[in-house]
Amino acid sequence: QVRLVESGGGLVQPGGSLRLSCAASGSAFSIYMMGWYRQAPGKEREWVASITSGNARAYTDSVKGRFTISRDNAKATVYLQMNSVTPEDTAIYYCKQYSGNGNPAFWGQGTQVTVSS
């Protein structure tokens, strides 16, 4: 069983920055693809960014050039650096460890990000 714990959410002004962290328990963190998703009020959960075990990154179009996903395998942690945020980035952000190596996917409990002046 893997436990994912997000942190770093909060209230930020438009144009500001925030860094989310997701710490994973369990072993073999480095072999798994990791991702960030978000769910705004009244909307479906959507994919935001992902990073492979080889550090290949991908982003949804709305965050390209503003958000950066990274990972520190020694700390078993994945990060989401959020810059130039807008009110449209307001959502609960979830961390996901993708399935693989015979294991299912795992989700964190989410962290709230609110962009408001």
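Structure: above.
So, how was this worked out
- Every chain begins its residue count from 1, and numbering advances along the sequence as written.
- For a predicted model such as this one, the threshold for reporting local features is a pLDDT of at least 70, and the threshold for listing and counting side-chain atom pairs is 80 or more; totals across whole chains, interfaces and linings nevertheless cover every residue.
- Only hydrogens and water are set aside when side-chain values are computed; all heavy atoms of the structure are taken into account.
- We count a stretch as a helix when DSSP gives it H or I for four or more residues in a row; a strand needs E for two or more, and each element gets its number in order from the N terminus.
- The definition of a polar contact used here is a pair of N or O atoms within 3.5 Å, where within protein one atom must be able to donate a hydrogen and the other to accept one, and adjacent residues in sequence count solely through side-chain atom pairs.
- Two residues form a contact once any of their heavy atoms are found within 4.5 Å.
- Two rings from Phe, Tyr or Trp (for Trp, the six-membered ring) form a pair when their centres are within 6.5 Å of each other. A pair whose planes differ by under 30 degrees is stacked, one over 60 is edge-to-face, and the rest are tilted.
- Relative accessibility thresholds used throughout: buried, under 20% of the residue-type maximum; exposed, over 50%; partly exposed, between the two (1.4 Å probe, protein chains only).
- We call a charge positioned over a ring when the NZ of a Lys or the CZ of an Arg lies within 6 Å of the ring centre and within 35 degrees of the ring normal.

Asks: Which residues make up the side chain of D89, and what values go with them?
Replies: Residue position: D89 is located in the loop between β8 (77–82) and β9 (91–97). At 2.8 Å, the side chain of D89 forms a polar contact with the side chain of R66. For D89, the residues in contact, after removing those within four places along its chain, are R38, R66, F67, S84, V113 and V115.

Asks: Just give me the short version of the packing of aromatic side chains, but keep the residues and values in it.
Replies: In total, this model carries two aromatic pairs according to the counting rule given. Ring centres 6.4 Å apart and planes at 45° place the aromatic pair Y37 and Y98 in the tilted group. Of this pair, Y37 sits in strand β4 (residues 34–39) while Y98 sits in the loop between β9 and β10 (106–107); the two residues are 61 residues apart in sequence, bridging distant segments of the chain. Judged by relative accessible area, which is 13%, Y37 ranks as buried. Measuring from centroid to centroid gives 4.9 Å for Y37 and W107, while their planes differ by 70°, and the two rings are edge-to-face. In this pair, Y37 is assigned in strand β4 and W107 in strand β10, connecting sequence segments 70 residues apart. Owing to a relative accessible area of 34%, W107 belongs among the partly exposed residues under this scheme. Here the basic side chain of R45 rests over the ring of Y94, its NZ or CZ set 3.7 Å away from the ring centre. One residue, R45, lies across the ring of W107, its end atom 4.6 Å from the ring centre.

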